[in-house]
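# A look at the structure
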Amino acid sequence: MAASRLSTPLHLLKHIRPSNHPPLLRHISSSSADDPPPPPSNNTLVTQILTILQNNPTNWTSNDELRSLLSHSSHSLSPSSLYQITRSFTTTTEALKFFDYIRTTLPTPPDPDSLSTSFQAIFELAESRDQTNYSPEKVSQLFTSFKEYNIPLNVNSAALLVRCFGRAGLVSDSILVYKELDPDSRNTHISNVLLGVLVRAGRVDDAFQVLDEMLLCRDGKISPNESTVDIVIGGLLRRDANGRSVSEEEIVGLVSKFGEHRVFPSPVRLTQLITKLCRSGKIDRAWDVLHEVMNAAGDVQAPTCNALLTGLGRNRDFPRMNKLLAEMKENGVQPDVITFGILLNHLCKFRRVDEALEVFEKMSGGSGSEGFSVTPDTILYNTLIDGFCKVGRQEKGLVLVEQMRSHGCEPNTVTYNCLIDGFCKAGEIDKARELFDVMNKEGMLPNVITLNSLVGGMCKHGRINSAMEFFNEMQGKGLKGNAITYTALINDFCNVNNIDKAMELFNDMSKVECSPDAIVYYTLIAGLTQAGRLDDASFIASVMKKNGFCLDVLSYNILIGGFCRKNKLDKAYGMLKEMDQAGVKPDGVTFNTLISYFSKVGDFSTAHKFLRKMVDEGLMPSVVTYGALIHAYCLVGNLDDAMKLFREMSSGSRVPPNTVIFNMLIDSLCKNKKVEVALSLMDDMKDKGVRPNTNTFNAMLKGLQDINWLEKAFELMNQMTEQACNPDYVTMEILTNWLPAVGETEKLKSFVQGYEVSLSTA
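Calculation notes
Residues numbered from 1 in each chain as written. Predicted model: local features only at pLDDT ≥ 70, side-chain atom pairs only at ≥ 80, totals over all residues. Heavy atoms only, no water. Helix = DSSP H or I, 4+ residues; strand = E, 2+ residues; numbered from the N terminus. Contact = heavy atoms within 4.5 Å. Areas by Shrake-Rupley, 256 points an atom, 1.4 Å probe, with all protein chains shown as cover. pLDDT = per-residue confidence, 0-100. Core = buried A, V, L, I, M, F, W, Y, C linked by side-chain atoms within 4.5 Å. Buried < 20%, exposed > 50% of the residue type's maximum accessible area, 1.4 Å probe, protein only. Polar contact = N/O pair within 3.5 Å; in protein donor to acceptor, adjacent residues only side chain to side chain. Salt bridge = Lys/Arg side-chain N within 4 Å of Asp/Glu carboxyl O. Axes fitted to C-alpha atoms, helices over the stretch in contact; angles between N-to-C directions. Parallel < 35°, antiparallel > 145°, perpendicular 65-115°, else oblique. Left-handed = near helix turned anticlockwise from the far one by under 90°. Expected span 1.5 Å × (residues − 1). Nonpolar A, V, L, I, M, F, W, Y, C, P; charged D, E, K, R; others polar. Phe/Tyr/Trp six-rings, centres within 6.5 Å; stacked < 30°, edge-to-face > 60°. Lys NZ or Arg CZ within 6 Å of the ring centre and 35° of its normal.

Here we come to the overall build of the protein. For the protein, the count of helices and strands is 41 helices and zero strands. Here the contacts in the protein between residues at least 6 apart in sequence split such that 65% fall between residues at least 24 apart. By element, 49% of the accessible surface of the protein is carried by carbon and sulfur atoms, the whole surface being about 36,300 Å².

Structure follows, in structure tokens:
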């Protein structure tokens, strides 16, 4: 059967009459057996024949006893008996020799149906992967040879042929073999075999046509069964890019069609489908599919529900998570520890620890009729303890540890790590150290997570010396830190301006074979830059790049800001050029840093150039951007340009001015004797809903003092009282120097009565 003669697509075969095909395809038996004939349980004749064949492997063709047995009983050899005898040979050559022997030597050869089963056995031998000379061509040649003897092909043999050609990639050959079968002889088995071949080959449309025939079947001969569902759904879910793509919606539609025949995906396939839908963001479709199978009494198990619970958890859909848990109980689907682990994990992750505790209590039947019978394990206890610790309720975590022990669940290192981390984050370092000691007494060795929690907690709460002592103690006991440990220590030493110690720790990392990660480098670069050690910061940046890390926009911004503060403009420009070469786009902070620098040095032309470039890059100027320019204009007394920018913010910009911007302008206007303009800005603040603070009133009162405008000053003092804006020492200095000198001491006393003067400006 040459491949060139078997290239007709499936959808054209319905228009081709069988008589147009080669003769070898017109000898299909009407046998509908789905499995090979079973060997007889107690057949003396077969046993005698097999004994002779095994004892005389070379000269049985001339064995009179064998000929006698076959001659007198060939009419009594059933198809299954002949199948068993033929299948006993180890090679197709021997089997063919026996087949030719019984067909030509015996006076009364077996009937065609028996010979058909003998052919099936020979075909299985040829198709077997154990045959070293196996090839599709050999199988095809055998098939052609048997057609010459006019031996019919049964359905089992046809299925083997379909599978054989499918493995060889001769899919069109498989299709023709299937199509040549009399429709009345087809069964679900051979249809499933062809479906598997088509799906694996990516011939999705052809597979759907075969499947449609099965779904439309009304007599049950080729109706889909569980194997059909597994082949189709499983094949489509794990398909690669070969053939046309199949959407999740098409697969969901197939599930509904299979449901009409009362067959459903296996729990494994259903779980895979639900997982795929959830990962694609189609949570609602996953919900519908699961409930369709569940309501139709399909086989739904805990792993499938767990897959949907995971998807719902990612979407924070806690109402439906609770509903699904209740439906599992109603439908007899027993949740497992993983089910409750998913629920607790997502509830704790989103800080809903009280709800997590309620679910936890339901596990062991603690809520009456709503209870389940799942024994919590250490992992579940740890999840809940960690959840309470992360919301600052460490004491509840300790209570759960005692409950854990009472239920026969011993805490482990993870349990103590959760508690230690919680107490460290709350600043209760001494309590965390107590737990660390208890942990050691109970024989649980601390790990690097324990170390990082304590070191990080000590550093965060200003106990850098204790952190260093503890770190050295643990190193002495063989517990080495990792990049996270060193980052916490280096960052804290940088914060207290102990750069030499930070550098010493960085150098120690290479000695203990702890490779710095990007965060270590970023932390050190930031610390060195903040300390003004820009050469060292640049050196660390070069080491970082040499070791395969890339500077990010934050690191570049830190360096550019440092160089600007040191007036090393050429270095700042060098960083900008390096950013461009590395493909790192400047962000708002980059531009704000440069705009602020050039504004401070009075180079407004360059500052505006960077402002325009910022907008061209698609970045929106912020309050910081405008504030840097306005402040610089105010400092040099250029109020016209400052007000121009202010009006630009108020009208054309999507960034409205805030209290800081208003204060800059009001202060400068008052200092330049433009008090009325400053007062109009205060009215503008009210219209825009921007609340003035103590600095605003101080600037205005100072301006009013300079022109001795008492009535307006009294109005502002009343506004401060109405708005509960506390005066500070600047306010009191202005008023005590002004009001008594003009005879308004009582007004001053009335104003300050009941106020607690702030020690600092707002």
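The next point concerns the confidence of the model for the protein. When the pLDDT values of the protein are averaged, the result is 85; 90% of them are 70 or greater. Mean pLDDT per element in the protein: helix H1 (residues 10–13) is the minimum at 36, and helix H22 (residues 413–425) is the maximum at 96. Every residue in residues 1–42 scores below 50 in pLDDT, and together they form 88 contacts with partners more than four places removed in sequence or on other chains.

Within the largest apolar cluster, 239 residues are counted, with the highest numbers of intra-cluster contacts made by Leu-308, Ile-630, Ile-666 and Met-700. In terms of residue count, the dominant contributor to this core is helix H8 (residues 155–167) (eight residues). Setting aside residues no more than four positions away along its own chain, Leu-308 makes contact with Ile-274, Cys-278, Ile-283, Ala-286, Trp-287, Leu-290 and Leu-324.

Before going further, it helps to spend a moment on the side chain of Thr-590. Topologically, Thr-590 is positioned in helix H32 (residues 588–600). For Thr-590, a relative accessible area of 2% gives the class buried. A polar contact is formed between the side chain of Thr-590 and the side chain of Asn-557, at a distance of 2.5 Å. In contact with Thr-590, other than residues within four places in its own chain, are Val-553, Asn-557, Ile-560, Leu-576 and Met-579.

The next point concerns unusual backbone geometry. Of note, Ala-297 is a non-glycine position whose phi angle comes to about 65 degrees, a positive value. Tracing the chain through its elements places Ala-297 in the loop between helix H15 (283–295) and helix H16 (302–314). The phi angle at Asn-708 is positive, at roughly 55 degrees, despite the residue not being glycine. One can find Asn-708 in the loop between helix H38 (694–707) and helix H39 (710–722).

We now examine the pattern of salt bridges. Across all of its chains, the model carries 30 salt bridges by this definition. Two residues, Glu-249 and Arg-285, come together in a salt bridge whose shortest N-O distance is 3.1 Å. Placement of Glu-249 in helix H13 (residues 248–260) and of Arg-285 in helix H15 is noted, with a sequence separation of 36 residues between them. One salt bridge connects Asp-288 with Arg-285, and the closest N-O pair in it is separated by 3.5 Å. Taken together, the residues span about one helical turn, with Asp-288 and Arg-285 both in helix H15 at a distance of three residues.

Contact pair helix H6 (residues 112–127) / helix H7 (residues 136–148): the axes reach a minimum separation of 10 Å and the direction vectors enclose 165 degrees. Taken together, the axes of H6 and H7 lie roughly antiparallel to each other. Classified by chirality, the crossing of H7 by H6 is right-handed. Side by side, H6 and H7 meet where Phe-119, Ile-122, Phe-123, Ala-126 and Glu-127 of the first sit next to Val-139, Leu-142, Phe-143 and Phe-146 of the second.

The terminal C-alpha atoms of helix H14 (residues 267–279), which comprises 13 residues, lie 18 Å apart, in line with the 18 Å expected from a rise of 1.5 Å per residue. Among all positions of H14, only Pro-267, Arg-269, Leu-270, Thr-271, Leu-273, Ile-274, Leu-277 and Cys-278 are buried. Looking at the buried side of H14, the elements it contacts are helix H12 (226–237), H13, H15 and H16. Just beyond H14, the residue with positive phi is Gly-281, at close to 80 degrees.

What follows deals with the side chain of Asn-452. By the secondary structure assignment, Asn-452 is in helix H24 (residues 448–460). A relative accessible area of 15% places Asn-452 in the buried class. In this structure the side chain of Asn-452 is engaged in a polar contact, spanning 3.1 Å, whose partner is the side chain of Asn-482. Discounting chain neighbours no more than four positions away, the residues touching Asn-452 are Gly-457, Asn-482, Ile-484 and Thr-485.

In contact at an axis separation of 9 Å, helix H28 (residues 518–530) and helix H30 (residues 553–565) are set at 10 degrees when each is read in the N-to-C sense. One finds that H28 runs roughly parallel with respect to H30. Contacts from Tyr-522, Ile-525, Ala-526, Thr-529 and Gln-530 in H28 reach Ser-555, Ile-558, Leu-559, Gly-562 and Arg-565 in H30. A per-class count over the contact of H28 with H30 returns five nonpolar, four polar and one charged.

Here Ile-122 is to be found in helix H6. Since its relative accessible area comes to 0%, Ile-122 is described here as buried. In this structure, the C-alpha to C-alpha distance between Ile-122 and Thr-86, residues 36 residues apart in sequence, is 6.9 Å.

Moving on, we come to the packing of aromatic side chains. If you walk through the whole model with that rule in mind, you get 13 aromatic pairs. If you follow Arg-186 out to its NZ or CZ, it ends over the ring of Tyr-178, 4.6 Å from the centre. Over the ring of Phe-610 we find Lys-609; its NZ or CZ atom is 5.3 Å from the centre of that ring.

Position of Lys-257 among the secondary structure elements: in helix H13. Along the backbone, Lys-257 and Leu-215 are 42 residues apart, and their C-alpha atoms lie at a distance of 7.5 Å.

Along its 14 residues, helix H37 (residues 675–688) runs 20 Å from first to last C-alpha, staying within 8% of the 20 Å computed at 1.5 Å per residue. Of the positions making up H37, those classed as buried are Val-675, Ala-678, Leu-679, Leu-681, Met-682, Asp-684 and Met-685. Phi turns positive one or two residues past the end of H37, at Gly-689, with a value near 75 degrees.

This part covers the environment of Ser-515. When you line up the elements, Ser-515 lands in the loop between helix H27 (499–511) and H28. As a C-alpha pair, Ser-515 and Ala-483 span 32 residues in sequence and 7.0 Å in three-dimensional space. Setting aside its immediate chain neighbours within four residues, Ser-515 contacts Ala-483 and Met-509.

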